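The chain contents come next:
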Amino acid sequence: MADIVEKVEDYVTSSKISTRLLMDKLSEFLAVERGGIKLYQAALQIVQDREVSQKFREFFEQTKKHEAILTRVIRELGGDPEHLSPGAAMAEKKAKSLLETMTNSDGLNGRAAELNAIENIVIAETKDHADWEMIGKIARRSDNEKIRNVLKPAASEVEPEEDEHLNWTKEQMARLEFEMLSE
């Protein structure tokens, strides 16, 4: 319910968005997508559960599409997708750290390594989900018509997929964790 109320408030409230700060934030969001691509690639090498593996292939392809959409959005708003804001540099470090725990699993057995990979995807998707929610919020609240017109269709296309990525992956993590504990 709070989500609906917040979205209604977004449509009746406008804010002046700093283009410079927005471009830095979009740079960060793009780094998160790029990190997500690498995480899915690594997870697909580790995950043995057929259902999770199939869904991760789908999410991997969607994440590549999200990266392309965000790249296009940045260009349409006059930015450089290769610009690395301080937030983007930090997002890259976080993704590298998650990736390292997937590629150097320090003696985890197959099932535990698989769970670790899924947990890392949940962590990454939580941030990614929040990023796209913020893009939607900016699209609804910005007093800048160009920002609204560029961000709104991108958010409308990607947000439902991000909802699925996060919710489905959390459910699978819990399922596999429970199965592992009950063996």
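Before any of the text, the structure's been laid out above.
Residues numbered from 1 in each chain as written. Predicted model: local features only at pLDDT ≥ 70, side-chain atom pairs only at ≥ 80, totals over all residues. Heavy atoms only, no water.

A. View of the overall build of the protein chain. Looking only at helices and strands, one finds six helices and zero strands in the protein chain. Since a compact globule built from 183 residues should have a radius of gyration of about 16 Å, the 18 Å found for the protein chain is in line with a globular shape. Taking the principal axes of its C-alpha atoms as reference, the protein chain extends roughly 55 × 35 × 20 Å. Of the roughly 9,800 Å² that the protein chain leaves accessible, carbon and sulfur atoms contribute 53%. Computed over 26 positive and 36 negative side-chain charges, the inter-centroid distance for the protein chain is 5 Å. (Helix = DSSP H or I, 4+ residues; strand = E, 2+ residues; numbered from the N terminus. Rg over C-alpha atoms; globule rule 2.2 N^0.38 Å. Areas by Shrake-Rupley, 256 points an atom, 1.4 Å probe, with all protein chains shown as cover. Lys, Arg positive; Asp, Glu negative; His and termini not counted. Charge placed at Lys NZ, Arg CZ, Asp CG, Glu CD.)

B. Structural detail: the nonpolar core. Among the nonpolar cores identified, the biggest contains 25 residues, and A43, V47, V52, F56, M102 and I118 are the most heavily contacted of them. Of all the secondary structure elements, the ones that give two or more residues to this core are helix 2 (19-46), helix 3 (50-76), helix 4 (86-103), helix 5 (110-141) and helix 6 (145-181). Once residues lying within four places of it in the same chain are set aside, the contact partners of A43 are F56, M102, A117 and I121. In terms of nonpolar packing, the next biggest core, distinct from the first, is built from 20 residues, L26, F29, L77 and L151 among them. (Core = buried A, V, L, I, M, F, W, Y, C linked by side-chain atoms within 4.5 Å. Buried < 20%, exposed > 50% of the residue type's maximum accessible area, 1.4 Å probe, protein only. Contact = heavy atoms within 4.5 Å.)

C. Quick look at the packing of aromatic side chains. Summed over the entire model, instances satisfying the criterion amount to three aromatic pairs. Geometrically, the ring pair formed by Y40 and F56 is edge-to-face, given 5.3 Å between the ring centres and 80 degrees between the ring planes. Remark: F56 occurs in helix 3 and Y40 occurs in helix 2; sequence separation between them is 16 residues. This pair shows no difference in class: Y40 is buried, exactly as F56 is. Joined through ring pairs, the aromatic side chains of Y40, F56, F59 and W168 make up one cluster. (Phe/Tyr/Trp six-rings, centres within 6.5 Å; stacked < 30°, edge-to-face > 60°.)

D. Spatial organisation of helix 5. Its 32 residues give helix 5 an end-to-end C-alpha distance of 46 Å, which sits within 8% of 46 Å, the value for a rise of 1.5 Å per residue. A side-chain oxygen of the first residue of helix 5 lies 3.1 Å from the backbone nitrogen of R111; this N-cap is N109. (Expected span 1.5 Å × (residues − 1). Polar contact = N/O pair within 3.5 Å; in protein donor to acceptor, adjacent residues only side chain to side chain.)

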